[in-house]
Amino acid sequence: MDSARRDGFFSQAGLGVSVAGLTKRYRTAAEEIYALHGIDWEVAPGDAVAIMGPSGCGKTTLLNLLAGVDRASGGSVVVGGEDLTRAPERALEEYRLLRVGFVFQLFNLVPTISALENLEMPMMIRGVPADERRARAESLLATVGIAEKAAKRPEELSGGEQQRVAVALALANDPALILADEPTGNLDSENAIAITRLLLSLSADHGKTVILVSHDAAVVRQFPKVSAMRDGRFVRSANSDG
Ligand code: ADP
Ligand code: MG
């Protein structure tokens, strides 16, 4: 059933995500806040799904749990058959490096080195040889449509170009799951649509699982599947095909 094109640069297939009874409670000195109220949710391998919801409804909290950068208070987060809530810290570190690509609203780029060198950093951490790193970084910049900007530093690039580099950065280690938290929040509508199409193509053309969070209806509308959140819960599922 998988018609995705795969080449040497995008070989890791998308992973399925299954969340059950997922709860996140934040404790502050004054109070307890439930950011997620026991949610159940599934994403099939290779799907592209948008999550929409107002500020404070728990979107970033959910993405952080899927990314393995935070721990749940209860329930389970199963990605590719592995329950992250039971994984030891070392396994989570490997999961973050090798399985997940995270795209933020803030670009997460080192401003003083070139776009190409930014892309090489996660591969360096993984121990990829220098010539292979360079070739892959160049290929990633071509994938996101800015091959000619390789030598530019992020501070020399426009917001739209920086966000393309940030998407390429998330792809550096060929992740199976791409998580994007308001990735178009700082962009004008033309660049927002371009970045959204780019993220969608990672699912359609490369078989990656893509989960995007946004409160921008113009962005969310382009996704084949949309889940809506409110007050730490999914309230309904809309499908723009239907
Ligand atoms: P969204 O991304 O949808 O705007 P968040 O997941 O960031 O929402 O936040 C959900 C709720 O959890 C909000 O009420 C927020 O104030 C609270 N929250 C988020 N992070 C923390 C934290 N580290 N400590 C305490 N409360 C938090
Ligand atoms: Mg958020």
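The following paragraphs examine the structure supplied in this document. (Residues numbered from 1 in each chain as written. Chains lettered and ligands numbered in written order. Predicted model: local features only at pLDDT ≥ 70, side-chain atom pairs only at ≥ 80, totals over all residues. Heavy atoms only, no water.)

Let's shift gears to the pairing of strand 6 (residues 100-103). With burial as the criterion, each face of strand 6 is covered, one bearing V100 and F102 and the other bearing G101 and V103. Note: strand 6 against strand 7 (residues 177-181), four bridges, orientation parallel. Its bridge partner lying in strand 7, V100 is registered against L177. (Buried < 20%, exposed > 50% of the residue type's maximum accessible area, 1.4 Å probe, protein only. Helix = DSSP H or I, 4+ residues; strand = E, 2+ residues; numbered from the N terminus. Pairing = 2+ DSSP bridges.)

Bringing the environment of H206 into the picture now. Positionally, H206 belongs in the loop between helix 6 (189-204) and strand 8 (209-214). Residue classification places H206 among the buried residues on the basis of a relative accessible area of 9%. For the pair formed by H206 and G14, sequence separation is 192 residues and the distance between their alpha carbons is 8.5 Å.

Okay, the pattern of salt bridges next. One pass over the structure, following the stated rule, counts 13 salt bridges. Among the salt bridges present, the one from D47 reaches K225, with a minimum N-O distance of 2.6 Å. Here D47 is found in the loop between strand 2 (32-43) and strand 3 (48-52), whereas its partner K225 is found in strand 9 (residues 225-230), with 178 residues between them in sequence. Three or more residues are tied together by salt bridges with common partners; here these are R25, R27 and E32. (Salt bridge = Lys/Arg side-chain N within 4 Å of Asp/Glu carboxyl O.)

A few words on the site of ligand 1. If you check the shell around ligand 1, you find Y26, I33, A35, P54, S55, G56, C57, G58, K59, T60 and T61 and nothing else. Here an oxygen atom of ligand 1 sits 3.1 Å away from a polar atom, N or O, in the main chain of G58. At a separation of 2.9 Å, an oxygen atom of ligand 1 approaches a polar side-chain atom of T60. In the complex, 61% of the free accessible area of ligand 1, which totals 560 Å², lies under the protein chains. Elements represented by at least two residues in the shell around ligand 1 include exactly strand 2 and helix 1 (59-66). With three residues, helix 1 is the single largest residue contributor to the shell around ligand 1. Split by residue class, the shell around ligand 1 holds five nonpolar, five polar and one charged. (Near = heavy atom within 4 Å. Polar contact = N/O pair within 3.5 Å; in protein donor to acceptor, adjacent residues only side chain to side chain. Areas by Shrake-Rupley, 256 points an atom, 1.4 Å probe, with all protein chains shown as cover. Nonpolar A, V, L, I, M, F, W, Y, C, P; charged D, E, K, R; others polar.)

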